[in-house]
Structures are given as structure tokens and as C-alpha cells.
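Spelled out, the chains give:
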Amino acid sequence: MAITSMLCVQLGLAASVGLFDQIGPEGAAWLRLAWAGVVLLVLIRPRPSAFTRANLLACVALGLVIAGLTMLFMAAVARLPLGTASALEFLGPLGVAVVRGKGRSKVWAAIAAVGVLLLTEPWTGTADLIGIAFALGAAACWAAYILLTQRVGDQLSGVQGLAVAMPVAALTATVVAGPSVFGHLTWQLLLVGLGLAILLPVVPFALEMLALRRLTAAAFGTLMCLEPAIAVVVGLLALGQVPGPAPVLGIAFVVAAGIGAERTGSRSKEDTSQVARDQPAQA
């Protein structure tokens, strides 16, 4: 589920680049979030009785984080190659893996960190500093997204929490970017935005919420190291961004770390049984 999610994310990002000339990176982020919020509300129709005050606040917090993650990363992609932006953003999940991990999970995180360095090649001094700042902001949001998604997914059945969080993200993005985009919208753009919203964020975020019920936050954070590698491949095939030898070697490191994280990061039976016991109490 996590790997399918990452593939959808990178394909959705590559497709979104085509909207930059028409509505800018912030507009592209807003269009996807707005449609995603509508789609999830219509399809899931979250029940108010399923929410307590605490998990409703967690859903709102998740929505704010999703808005920040989406808009900051789109701004980074407008200035950096897709693989570089994804590698920098991965520092967020990597931080979760290091802080929350135990034993061998920290080894996988260290291997992934080497891969990220090879992918970004900071020693060349050619990267856009503003783009890097946007990507690091997205990294912080991604770390918070992992922790909040696991919490919301454990507390609520299905993807009801996401059906509340996504409209919050859409409203946040509307306040930030909506006014500058409204005058440029066409029916064609709206239809394209609907398709992109399903590809990213509806499908991948739902898959990630389900995956985090089965993996620890540390293992999931390290498994996300595969995303920069997928981004390099998608950037090459879809955007013509050709990686050098160091990024190719970096892919090997992050793939190895991802495989190791998956094999050692399943949540314990006690964790999953506790989730199962808690869900009926919230219904």
C-alpha cells in the first residue's frame, strides 16, 4: 500500500507541473486539495457520532498539515528537480524513523540518509536555496503528517478521519491561494484538477492511513525513503530530468533501506489489537 501510494504521489506531482504556467504551483496545489476535499466528503460522508472532541481536533490538525505539506512541496518542485525535492522532503520521515525507531531501524535510517545525500549532491552548490527552504518546510510537515495520520487512523474506522482532514486542508489552501487563482480557472482546468486530485492526494493519502495501521511510524518513515528513488525515475521518464551517477547510487541506498524497514517494521499484535478494541468505542 505504501509503495502504491508513493507511485501515485510522484505521478501526480509530475502531472501537476504542467499546470504551473497557467495557475502557478500554489494554484495547482489548491486545485488538487479543493477537489480532494469535495470527493472525500461526497464518497465517505463522515458521521458526526464517530468523532470525539479529541479526535476531531486531531483531524483538523492533520488537515492543516496536509495543506502545508502540499503547498510547500509544490513550491519546491517549481524550483528544484523532482528527485531532489523529494529527497529533501524525505528528511521529515527520516527524522521520525530516527527518533521513534529502535535497534536496527536506526541502521536503515542511516543507510537512507546516505542515499539522500547522494541524491541531492549538496557539495555541488548549485541548488536553489529558496527551493531547498520550501522542501525542508515540507519535510517538517511530512513528519507531523505521519504521526497525525497514524493517530487519526487508529482512532477512527476506515478513512473517516481523512474525510474531515481533507476539507480542512482545502479551506486552508483556499484562504492562502484561492483568490489569486479564481480568475484563471476554466472548465478544462477544473476537470484536469479533478483527475489529479484522485491521483494525488485522495488515493495515496487513504492508502497511507491504512498502511500506518500495520507499520510503526518509524518503519513507515524509513519505508518512505523509496519515494526519492521513485521521484528520480518519474522525473526522468515524465519530465526529462536526467540523474547523474551519484543520484543513481543514492537510489540503491534508499531502496535497500526501504526493504529493510518493511521487514523489521510491522506493528505488534498488541498495537493492532488495541486499535481494534478502540474503534467500536468511538463509533
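Rules behind the numbers
Residues numbered from 1 in each chain as written. Predicted model: local features only at pLDDT ≥ 70, side-chain atom pairs only at ≥ 80, totals over all residues. Heavy atoms only, no water. Helix = DSSP H or I, 4+ residues; strand = E, 2+ residues; numbered from the N terminus. Contact = heavy atoms within 4.5 Å. Areas by Shrake-Rupley, 256 points an atom, 1.4 Å probe, with all protein chains shown as cover. Salt bridge = Lys/Arg side-chain N within 4 Å of Asp/Glu carboxyl O. Buried < 20%, exposed > 50% of the residue type's maximum accessible area, 1.4 Å probe, protein only. Phe/Tyr/Trp six-rings, centres within 6.5 Å; stacked < 30°, edge-to-face > 60°. Expected span 1.5 Å × (residues − 1). Bend = angle between axes of the 7 residues up to and from the residue. Patch = residues over 30% accessible without salt bridge, like charges linked within 9 Å, V, L, I, M, F, W, Y side chains within 5 Å. Core = buried A, V, L, I, M, F, W, Y, C linked by side-chain atoms within 4.5 Å. pLDDT = per-residue confidence, 0-100. Axes fitted to C-alpha atoms, helices over the stretch in contact; angles between N-to-C directions. Parallel < 35°, antiparallel > 145°, perpendicular 65-115°, else oblique. Nonpolar A, V, L, I, M, F, W, Y, C, P; charged D, E, K, R; others polar.

### Focus on the overall build of the chain
- The helix and strand tally for the chain stands at 13 helices and 0 strands.
- Listing each helix as α and each strand as β along the chain from the N terminus yields α-α-α-α-α-α-α-α-α-α-α-α-α.
- Across the chain, every contact between residues at least 6 apart in sequence was considered, and the portion connecting residues at least 24 apart equals 90%.
- If you sum the accessible surface of the chain, you get close to 12200 Å²; carbon and sulfur atoms cover 69% of it.

### Observations concerning the pattern of salt bridges
- Within this structure, the stated rule accounts for 1 salt bridge.
- For arginine 79, the salt bridge is made with aspartate 128, and the minimal N-O distance between the two is 3.3 Å. Taken as a pair, arginine 79 in the loop between helix 3 (53-77) and helix 4 (82-89) and aspartate 128 in the loop between helix 6 (104-120) and helix 7 (129-155) lie far apart in primary sequence, 49 residues in all.
- Overall, arginine 79 belongs to the partly exposed group, its relative accessible area being 41%.

### Quick look at the packing of aromatic side chains
- Within this structure, the stated rule accounts for 2 aromatic pairs.
- With a centroid separation of 5.4 Å and an interplanar angle of 75°, the aromatic rings of tryptophan 30 and phenylalanine 182 are classed as edge-to-face. Residue tryptophan 30 is located in helix 2 (residues 20-44), and its partner phenylalanine 182 is located in the loop between helix 8 (160-181) and helix 9 (187-211); the two are separated by 152 residues in the primary sequence.
- Overall, the relative accessible area of 42% leaves phenylalanine 182 in the partly exposed class.
- Residues tyrosine 145 and phenylalanine 205 carry aromatic rings whose centres are separated by 5.0 Å and whose planes lie at 40° to one another, so their mutual orientation is tilted. Of this pair, tyrosine 145 sits in helix 7 while phenylalanine 205 sits in helix 9, placing them 60 residues apart in sequence.

### Some remarks on helix 9
- Along its 25 residues, helix 9 runs 35 Å from first to last C-alpha, staying within 8% of the 36 Å computed at 1.5 Å per residue.
- Where helix 9 bends most, the angle comes to about 40°, and this point is alanine 197, followed within four residues by the proline proline 201.

### Some details on a nonpolar patch on the surface
- Taken together, the side chains of Val233, Leu236, Leu237 and Val242 present a nonpolar region at the surface, about 410 Å² in accessible area.
- Here leucine 237 lies in helix 11 (residues 226-239).

### Observations concerning the nonpolar core
- Counting residues in hydrophobic clusters, the biggest one holds 87 residues, and the most contacted among them are Ile66, Tyr145, Leu162 and Met166.
- In terms of residue count, the dominant contributor to this core is helix 3 (12 residues).

### A look at unusual backbone geometry
- The peptide bond linking leucine 200 to proline 201 adopts the cis configuration, its omega dihedral lying at 20°.
- With respect to the secondary-structure elements, proline 201 resides in helix 9.

### Structural notes on the confidence of the model for the chain
- Of the residues in the chain, 88% have a pLDDT of 70 or more, and the chain-wide mean is 83.
- By mean pLDDT, the top-scoring element of the chain is helix 3 (95), and the lowest-scoring one is helix 13 (residues 269-282) (47).
- With pLDDT under 50 throughout, residues 279-283 is counted as low confidence; its partners more than four residues away or in other chains account for 13 contacts.

### Considering the packing of helix 4 against helix 5 (residues 91-100)
- Between helix 4 and helix 5, whose axes approach to 5 Å, the crossing angle comes to 30°. Comparing the axis directions of helix 4 and helix 5 gives the class roughly parallel. On the side of helix 4, the interface is formed by Ala87, Leu88 and Glu89, while helix 5 contributes Leu91, Gly92 and Pro93.
- Residue composition of the contact of helix 4 with helix 5, by class: 4 nonpolar, 1 polar and 1 charged.

### Observations concerning the side chain of serine 16
- The residue serine 16 is located in helix 1 (residues 2-16) in this model.
- For serine 16, a relative accessible area of 0% gives the class buried.
- Not counting the four nearest positions on each side in its chain, serine 16 is found in contact with Ala28, Arg32, Met74 and Leu196.

### Things to note about the side chain of glutamine 160
- Topologically, glutamine 160 is positioned in helix 8.
- Using a relative accessible area of 9% as the deciding quantity, one classes glutamine 160 as buried.
- Filtering out sequence-adjacent residues up to four positions away, glutamine 160 remains in contact with Ile44, Pro46, Arg47, Ala50 and Phe51.

### Concerning the environment of leucine 31
- Mapped onto the secondary structure, leucine 31 falls in helix 2.
- Classification of leucine 31 as buried rests on a relative accessible area of 1%.
- Taking the C-alpha atoms as reference points, leucine 31 and threonine 174, separated by 143 residues in sequence, lie 8.8 Å from one another.
- Sequence-distant contacts of leucine 31, defined by excluding residues within four places in its chain, comprise Leu19, Ile23, Leu185, Leu189, Leu190 and Gly193.

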